[in-house]
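Close look at the chain arrangement
One-letter residues, chain by chain:
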Amino acid sequence: MSMVTPAKRINRLGSAKSGVHHFVAQRVSAIALVIALPLFMICLSQSGAPDPAASRAFFGSAWGALLTLITMSATLYHMRLGLQVVVEDYIHGTAMKMGLLIGNTLITYGLWLAGAYALIRLAVTG
Amino acid sequence: MASGTSDTRPLSPHLSVWRWHATMLSSILHRFSGIVNYIGAIALTVWLVLLASGAEDAVAIFTSGSLSWLTAIGLIVLTWSASYHLLNGIRHLAWDIGKGFDPAGSNMRSILIIALSFVPPALIWFFALSGGAS
(Lines give C-alpha, C1' and ligand atoms only; values in the text may rest on other atoms or scores of the structure.)
Protein backbone atom coordinates (compact mmCIF):
# COMPACT_ATOMS: atom_id res chain seq x y z
CA MET A 1 0.00 0.00 0.00
CA SER A 2 1.48 3.27 -1.08
CA MET A 3 1.57 6.05 1.47
CA VAL A 4 1.51 8.65 -1.31
CA THR A 5 -1.74 10.59 -1.60
CA PRO A 6 -3.67 10.39 -4.90
CA ALA A 7 -3.01 14.07 -5.52
CA LYS A 8 0.74 13.60 -5.00
CA ARG A 9 0.79 10.54 -7.30
CA ILE A 10 -0.66 12.42 -10.27
CA ASN A 11 1.14 15.70 -9.66
CA ARG A 12 2.90 16.90 -12.85
CA LEU A 13 1.54 13.91 -14.81
CA GLY A 14 -0.85 16.01 -16.87
CA SER A 15 -1.06 16.27 -20.63
CA ALA A 16 2.02 16.99 -22.70
CA LYS A 17 0.54 20.39 -23.69
CA SER A 18 1.12 19.70 -27.37
CA GLY A 19 -2.40 18.54 -28.28
CA VAL A 20 -3.75 21.89 -29.43
CA HIS A 21 -0.80 22.44 -31.75
CA HIS A 22 -1.31 18.94 -33.19
CA PHE A 23 -5.03 19.59 -33.71
CA VAL A 24 -4.54 22.99 -35.38
CA ALA A 25 -1.62 21.81 -37.54
CA GLN A 26 -3.72 18.87 -38.76
CA ARG A 27 -6.51 21.25 -39.83
CA VAL A 28 -4.26 23.88 -41.44
CA SER A 29 -2.40 21.26 -43.49
CA ALA A 30 -5.80 19.77 -44.41
CA ILE A 31 -6.97 23.13 -45.79
CA ALA A 32 -3.71 23.45 -47.77
CA LEU A 33 -4.35 20.01 -49.25
CA VAL A 34 -7.97 20.75 -50.17
CA ILE A 35 -6.51 23.42 -52.48
CA ALA A 36 -3.25 21.81 -53.64
CA LEU A 37 -4.05 18.11 -53.98
CA PRO A 38 -6.76 18.34 -56.71
CA LEU A 39 -4.50 20.64 -58.77
CA PHE A 40 -1.56 18.26 -58.32
CA MET A 41 -3.59 15.17 -59.23
CA ILE A 42 -4.98 16.81 -62.38
CA CYS A 43 -1.61 18.20 -63.52
CA LEU A 44 0.34 14.99 -62.83
CA SER A 45 -2.27 12.80 -64.54
CA GLN A 46 -2.10 15.06 -67.63
CA SER A 47 1.71 15.32 -67.66
CA GLY A 48 2.40 12.10 -69.57
CA ALA A 49 3.67 10.31 -66.44
CA PRO A 50 5.02 7.69 -65.86
CA ASP A 51 7.02 8.21 -69.07
CA PRO A 52 10.46 9.25 -67.68
CA ALA A 53 11.13 12.16 -70.05
CA ALA A 54 7.62 13.63 -69.68
CA SER A 55 7.70 13.17 -65.89
CA ARG A 56 11.10 14.85 -65.59
CA ALA A 57 9.86 17.75 -67.74
CA PHE A 58 6.81 18.16 -65.46
CA PHE A 59 8.75 18.00 -62.17
CA GLY A 60 11.49 20.19 -63.66
CA SER A 61 9.14 22.97 -64.79
CA ALA A 62 8.63 25.94 -62.48
CA TRP A 63 4.89 25.30 -62.03
CA GLY A 64 5.29 21.53 -61.70
CA ALA A 65 8.12 21.85 -59.17
CA LEU A 66 6.30 24.42 -57.03
CA LEU A 67 3.00 22.55 -57.09
CA THR A 68 4.75 19.28 -56.25
CA LEU A 69 6.78 20.87 -53.44
CA ILE A 70 3.68 22.44 -51.86
CA THR A 71 1.58 19.28 -52.20
CA MET A 72 4.39 17.02 -51.00
CA SER A 73 5.19 19.19 -47.97
CA ALA A 74 1.56 19.46 -46.85
CA THR A 75 0.95 15.74 -47.50
CA LEU A 76 3.99 14.48 -45.59
CA TYR A 77 3.27 16.82 -42.66
CA HIS A 78 -0.44 15.92 -42.57
CA MET A 79 0.19 12.17 -42.85
CA ARG A 80 2.79 12.22 -40.07
CA LEU A 81 0.24 13.82 -37.73
CA GLY A 82 -2.49 11.42 -38.91
CA LEU A 83 -0.53 8.18 -38.55
CA GLN A 84 0.71 9.32 -35.13
CA VAL A 85 -2.92 9.37 -33.95
CA VAL A 86 -3.62 5.95 -35.48
CA VAL A 87 -0.57 4.46 -33.70
CA GLU A 88 -1.48 6.10 -30.38
CA ASP A 89 -5.05 4.80 -30.69
CA TYR A 90 -4.33 1.16 -31.52
CA ILE A 91 -0.79 0.28 -30.35
CA HIS A 92 -0.41 0.04 -26.58
CA GLY A 93 2.87 -1.85 -26.11
CA THR A 94 5.53 0.73 -25.24
CA ALA A 95 8.33 -0.66 -27.42
CA MET A 96 6.15 -1.16 -30.50
CA LYS A 97 4.44 2.21 -30.04
CA MET A 98 7.71 4.13 -29.67
CA GLY A 99 9.24 2.25 -32.60
CA LEU A 100 6.33 3.09 -34.88
CA LEU A 101 6.16 6.73 -33.75
CA ILE A 102 9.89 7.24 -34.35
CA GLY A 103 9.68 5.36 -37.66
CA ASN A 104 6.75 7.58 -38.69
CA THR A 105 8.82 10.70 -38.04
CA LEU A 106 11.94 9.37 -39.76
CA ILE A 107 10.03 8.16 -42.84
CA THR A 108 8.06 11.39 -43.36
CA TYR A 109 10.95 13.79 -42.67
CA GLY A 110 13.37 11.62 -44.67
CA LEU A 111 11.00 11.49 -47.63
CA TRP A 112 10.50 15.25 -47.46
CA LEU A 113 14.24 15.91 -47.58
CA ALA A 114 14.77 13.35 -50.36
CA GLY A 115 11.81 14.69 -52.38
CA ALA A 116 12.87 18.34 -51.99
CA TYR A 117 16.40 17.42 -53.05
CA ALA A 118 15.03 15.54 -56.07
CA LEU A 119 12.95 18.56 -57.16
CA ILE A 120 15.92 20.93 -56.83
CA ARG A 121 18.08 18.50 -58.79
CA LEU A 122 15.49 18.20 -61.57
CA ALA A 123 15.07 21.98 -61.69
CA VAL A 124 18.83 22.50 -62.04
CA THR A 125 19.71 19.62 -64.37
CA GLY A 126 16.48 19.62 -66.39
CA MET B 1 -8.24 -0.84 -22.19
CA ALA B 2 -9.71 -2.59 -19.16
CA SER B 3 -6.86 -5.08 -18.79
CA GLY B 4 -5.76 -5.56 -15.20
CA THR B 5 -9.22 -5.02 -13.73
CA SER B 6 -11.11 -7.74 -11.86
CA ASP B 7 -14.50 -6.20 -12.65
CA THR B 8 -16.59 -8.85 -14.39
CA ARG B 9 -19.40 -6.59 -15.58
CA PRO B 10 -19.76 -6.27 -19.38
CA LEU B 11 -17.32 -3.94 -21.05
CA SER B 12 -18.45 -1.36 -23.57
CA PRO B 13 -20.21 -3.00 -26.52
CA HIS B 14 -17.98 -4.78 -28.99
CA LEU B 15 -18.15 -4.30 -32.75
CA SER B 16 -20.12 -7.54 -33.14
CA VAL B 17 -23.20 -6.20 -31.37
CA TRP B 18 -23.59 -3.22 -33.76
CA ARG B 19 -25.28 -3.42 -37.10
CA TRP B 20 -23.32 -1.65 -39.79
CA HIS B 21 -24.46 1.88 -40.50
CA ALA B 22 -23.25 4.54 -42.89
CA THR B 23 -21.49 6.85 -40.42
CA MET B 24 -19.54 3.91 -39.00
CA LEU B 25 -18.42 2.87 -42.48
CA SER B 26 -17.40 6.41 -43.42
CA SER B 27 -15.36 6.79 -40.23
CA ILE B 28 -13.51 3.51 -40.81
CA LEU B 29 -12.97 4.39 -44.49
CA HIS B 30 -11.43 7.72 -43.45
CA ARG B 31 -8.68 5.97 -41.47
CA PHE B 32 -8.29 3.24 -44.11
CA SER B 33 -7.97 5.76 -46.96
CA GLY B 34 -5.51 7.79 -44.89
CA ILE B 35 -3.26 4.76 -44.52
CA VAL B 36 -3.56 3.98 -48.26
CA ASN B 37 -2.58 7.61 -48.99
CA TYR B 38 0.42 7.21 -46.67
CA ILE B 39 1.65 4.19 -48.63
CA GLY B 40 0.94 5.95 -51.95
CA ALA B 41 2.86 9.06 -50.90
CA ILE B 42 5.87 6.92 -50.00
CA ALA B 43 5.74 5.18 -53.40
CA LEU B 44 5.35 8.45 -55.37
CA THR B 45 8.17 10.18 -53.50
CA VAL B 46 10.53 7.22 -54.01
CA TRP B 47 9.65 7.35 -57.72
CA LEU B 48 10.36 11.11 -57.82
CA VAL B 49 13.78 10.57 -56.24
CA LEU B 50 14.56 7.78 -58.73
CA LEU B 51 13.55 10.09 -61.61
CA ALA B 52 15.83 12.85 -60.34
CA SER B 53 18.80 10.52 -60.03
CA GLY B 54 18.17 8.90 -63.43
CA ALA B 55 17.64 5.53 -61.79
CA GLU B 56 13.98 5.05 -62.75
CA ASP B 57 14.90 1.86 -64.63
CA ALA B 58 15.16 0.24 -61.20
CA VAL B 59 11.34 0.24 -61.06
CA ALA B 60 10.77 -0.13 -64.83
CA ILE B 61 9.03 -3.45 -64.15
CA PHE B 62 6.33 -1.44 -62.34
CA THR B 63 6.08 1.51 -64.76
CA SER B 64 6.42 -0.10 -68.21
CA GLY B 65 7.26 -3.75 -67.54
CA SER B 66 5.30 -6.89 -66.75
CA LEU B 67 3.93 -5.57 -63.43
CA SER B 68 2.63 -2.24 -64.78
CA TRP B 69 -0.94 -3.58 -64.41
CA LEU B 70 -0.30 -3.77 -60.65
CA THR B 71 0.86 -0.12 -60.61
CA ALA B 72 -2.24 0.90 -62.59
CA ILE B 73 -4.52 -0.79 -60.05
CA GLY B 74 -2.53 0.77 -57.19
CA LEU B 75 -2.79 4.26 -58.70
CA ILE B 76 -6.53 3.87 -59.34
CA VAL B 77 -7.00 2.81 -55.70
CA LEU B 78 -4.82 5.76 -54.64
CA THR B 79 -6.83 8.31 -56.63
CA TRP B 80 -9.99 6.90 -55.01
CA SER B 81 -8.55 6.95 -51.48
CA ALA B 82 -7.23 10.49 -51.95
CA SER B 83 -10.64 11.62 -53.28
CA TYR B 84 -12.53 9.98 -50.43
CA HIS B 85 -10.14 11.28 -47.75
CA LEU B 86 -10.36 14.81 -49.20
CA LEU B 87 -14.17 14.85 -49.45
CA ASN B 88 -14.64 13.33 -45.99
CA GLY B 89 -11.91 15.66 -44.71
CA ILE B 90 -13.98 18.67 -45.79
CA ARG B 91 -16.75 17.14 -43.68
CA HIS B 92 -14.33 16.92 -40.73
CA LEU B 93 -13.59 20.64 -41.17
CA ALA B 94 -17.34 21.34 -41.12
CA TRP B 95 -17.63 19.34 -37.88
CA ASP B 96 -14.83 21.46 -36.41
CA ILE B 97 -16.93 24.60 -36.82
CA GLY B 98 -19.90 22.80 -35.26
CA LYS B 99 -21.90 21.96 -38.39
CA GLY B 100 -23.37 18.65 -39.53
CA PHE B 101 -24.04 16.58 -36.40
CA ASP B 102 -27.73 15.70 -37.01
CA PRO B 103 -28.13 11.87 -37.22
CA ALA B 104 -30.29 11.72 -40.35
CA GLY B 105 -28.14 14.22 -42.23
CA SER B 106 -24.96 12.44 -41.11
CA ASN B 107 -26.18 9.15 -42.56
CA MET B 108 -27.20 10.85 -45.79
CA ARG B 109 -23.86 12.68 -46.13
CA SER B 110 -21.91 9.47 -45.41
CA ILE B 111 -23.60 7.72 -48.32
CA LEU B 112 -23.30 10.82 -50.54
CA ILE B 113 -19.56 11.18 -49.87
CA ILE B 114 -18.88 7.48 -50.48
CA ALA B 115 -20.76 7.72 -53.80
CA LEU B 116 -19.11 11.03 -54.82
CA SER B 117 -15.63 9.71 -54.01
CA PHE B 118 -15.76 7.57 -57.17
CA VAL B 119 -16.35 10.58 -59.46
CA PRO B 120 -12.88 12.27 -59.36
CA PRO B 121 -10.95 9.03 -60.02
CA ALA B 122 -13.32 8.21 -62.89
CA LEU B 123 -12.80 11.67 -64.44
CA ILE B 124 -9.02 11.71 -63.87
CA TRP B 125 -8.55 8.25 -65.38
CA PHE B 126 -10.93 8.94 -68.26
CA PHE B 127 -8.99 12.05 -69.29
CA ALA B 128 -5.56 10.57 -68.52
CA LEU B 129 -6.21 7.47 -70.62
CA SER B 130 -8.17 9.06 -73.49
CA GLY B 131 -7.21 12.73 -73.91
CA GLY B 132 -3.77 12.84 -72.34
CA ALA B 133 -0.54 13.69 -74.14
CA SER B 134 0.74 10.18 -73.50
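For every chain, the first residue of the written sequence is number 1, and numbering continues from 1 along that sequence. Going through the entries in the order they are written, you letter the chains from A and number the ligands from 1. At least 70 in pLDDT is required for a residue's local features to be given in this predicted model, at least 80 for side-chain atom pairs to be given and counted, and no such filter applies to totals for whole chains, interfaces and linings, which use all residues.

**Examining the overall build of chain A**
Our working definition: Numbering of helices and strands runs from the N terminus, with a helix taken as a DSSP run of H or I at least four residues long and a strand as a DSSP run of E at least two residues long. This radius of gyration counts C-alpha atoms alone. The globule rule is 2.2 Å times how many residues there are, raised to the power 0.38. With C-beta atoms placed from the backbone, a residue is labelled by how many other C-beta atoms lie within 10 Å of its own: buried for 20 or more, exposed for 12 or fewer, partly exposed between the two. Each residue gets a C-beta atom placed from its backbone, and two residues are in contact if those atoms lie within 7 Å.
For chain A, the count of helices and strands is five helices and zero strands. Counted from the first residue to the last, chain A has its helices and strands arranged as α-α-α-α-α. The C-alpha atoms of chain A give 21 Å as radius of gyration, which overshoots the globular expectation for 126 residues (14 Å, by more than 25%). Counting only C-alpha atoms and orienting by the principal axes, one finds that chain A spans roughly 70 × 25 × 25 Å. Within chain A, the fraction of its 126 residues that count as buried is 27%. Here the analysis covers contacts within chain A between residues at least 6 apart in sequence; of these, 68% occur between residues at least 24 apart.

**A look at the overall build of chain B**
Helix and strand counts for chain B stand at five helices and zero strands. Going from N to C terminus, chain B has its helices and strands arranged as α-α-α-α-α. In terms of C-alpha radius of gyration, chain B reaches 20 Å, well past the compact-globule figure of 14 Å for 134 residues. Taken along its principal axes, the extent of the C-alpha atoms in chain B is 60 × 40 × 25 Å. Residue burial in chain B is summarised as follows: out of 134 residues, 25% are buried. If you take every contact in chain B between residues at least 6 apart in sequence, the share linking residues at least 24 apart comes to 70%.

**Details of helix α4 (residues 62-90) of chain A**
Side chains three or four residues apart in an α-helix point the same way, a direct result of the helix having 3.6 residues per turn. Note the threshold: Expected span, for any helix, means 1.5 Å times one less than how many residues it has.
The end-to-end C-alpha distance of α4 of chain A, which contains 29 residues, comes to 42 Å, matching closely the 42 Å that a straight helix rising 1.5 Å per residue would cover. Among all positions of α4 of chain A, only Gly64, Thr68, Thr71, Met72, Ala74, Thr75, Leu76, His78, Met79, Arg80, Gly82 and Leu83 of chain A are buried. Lining the buried residues of α4 of chain A we find α2 (19-45), α3 (52-60) and α5 (94-125) of chain A together with α1 (22-52) of chain B.

**Examining the packing of helix α3 (residues 68-96) of chain B against helix α5 (residues 119-130) of chain B**
All names here are of chain B. The test is simple: Interaxial angle, 0 to 180 degrees, is taken between N-to-C directions of lines fitted to C-alpha atoms, where a helix line uses only the stretch in contact. Geometric relationships in this document are graded by angle, where less than 35 degrees denotes roughly parallel, more than 145 denotes roughly antiparallel, 65 to 115 denotes roughly perpendicular, and other angles denote oblique. When the near helix sits turned anticlockwise from the far one by under a right angle, the crossing is termed left-handed; a clockwise turn instead gives a right-handed crossing. By the convention adopted, Pro, Cys, Tyr, Trp, Phe, Met, Ile, Leu, Val and Ala count as nonpolar, Lys, Arg, Asp and Glu as charged, and the other residues, Gly among them, as polar.
At a closest axis distance of 8 Å, the pairing of α3 and α5 adopts a crossing angle of 140 degrees. As the angle between them shows, α3 and α5 are arranged oblique. In the crossing of α3 with α5, the sense of the turn from one axis to the other is right-handed. In this structure, α3 uses Ile76, Thr79, Trp80 and Ser83 to contact α5, whose residues at the interface are Pro120, Pro121, Ile124 and Trp125. Broken down by class, the residue content of the contact of α3 with α5 amounts to six nonpolar, two polar and no charged.

**Details of the interface of chain A and chain B**
Taken together, the contacts link 31 residues of chain A with 26 residues of chain B. Looking at the side of chain A that touches chain B, the elements with two or more residues in it are α2, α3, α4 and α5 of chain A. Sorting elements by how many residues they give to the side of chain A that touches chain B places α2 of chain A first, with eight residues. Partitioned by chemical class, the residues of the side of chain A that touches chain B number 20 nonpolar, seven polar and four charged.

**Concerning the nonpolar core**
Which entries qualify depends on this criterion: To define a nonpolar core, we join buried Ala, Val, Leu, Ile, Met, Phe, Trp, Tyr and Cys residues through C-beta atoms within 7 Å and take the resulting set.
Leu33, Leu37, Met41, Phe59 and Ala118 of chain A together with Leu48 and Leu51 of chain B are the most contacted members of the largest nonpolar core, which totals 35 residues. Sequence-distant contacts of leucine 33 of chain A, defined by excluding residues within four places in its chain, comprise Ala74, Thr75 and His78 of chain A together with Leu86 of chain B.

**Digging into the UniProt feature "transmembrane region" (unreviewed entry) in chain A**
Definition in use: UniProt positions are given in the numbering used here, feature names are shortened, and annotations may be inferred rather than shown by experiment.
Listed under "transmembrane region" (unreviewed entry) in the UniProt record, and renumbered for this structure, are residues 57-77 and 98-120 of chain A. Across residues 57-77 of chain A one finds 95% helix and 0% strand; the C-alpha atoms that close the span lie 26 Å apart.

**What to know about helix α4 (residues 103-116) of chain B**
Residues and elements named next belong to chain B. Our working rule: This arc is taken over the directions from the axis of the helix to the C-beta atoms.
When the terminal C-alpha atoms of α4 are compared, their 20 Å separation across 14 residues agrees well with the 20 Å that a helix rising 1.5 Å per residue should span. Looking at α4, one finds that the buried residues are Arg109, Ser110 and Ile113. Buried positions in α4, seen along its axis, are confined to an arc of 110 degrees and lie on one side of it. In α4, the exposed positions angled more than 90 degrees off the buried face are occupied by Ala104, Met108 and Ala115. Turning to α4, the residues buried within the fold contact α1 and α3.

**Observations concerning the confidence of the model for chain B**
Note the threshold: Every residue gets a pLDDT, meaning the predictor's confidence in that residue, from 0 to 100.
In this model, chain B carries an average pLDDT of 88, and 91% of its residues clear a pLDDT of 70 or more. Predicted as a complex, the structure gets a pTM of 0.87 and an ipTM equal to 0.88.

**Here's the deal with the environment of tyrosine 90 of chain A**
All names here are of chain A. With respect to the secondary-structure elements, tyrosine 90 resides in helix α4. Under the C-beta neighbour-count criterion, tyrosine 90 is labelled exposed, with 10 such atoms within 10 Å. Between the C-alpha atom of tyrosine 90 and that of proline 38, which follows or precedes it by 52 residues, the distance is 31 Å.

**Quick word on unusual backbone geometry**
A cis amide bond, omega 10 degrees, links alanine 49 of chain A with the succeeding residue proline 50 of chain A. Residue position: proline 50 of chain A is located in the loop between α2 and α3.

**A look at the UniProt feature "transmembrane region" (unreviewed entry) in chain B**
Residues and elements named next belong to chain B. As recorded in UniProt, the feature "transmembrane region" (unreviewed entry) lies at residues 35-55, 67-87 and 108-128. Summarising residues 67-87: 95% helix, 0% strand, and an end-to-end C-alpha distance of 31 Å. Along residues 108-128 the backbone is 90% helical and 0% strand, and the end-to-end C-alpha distance reaches 31 Å.

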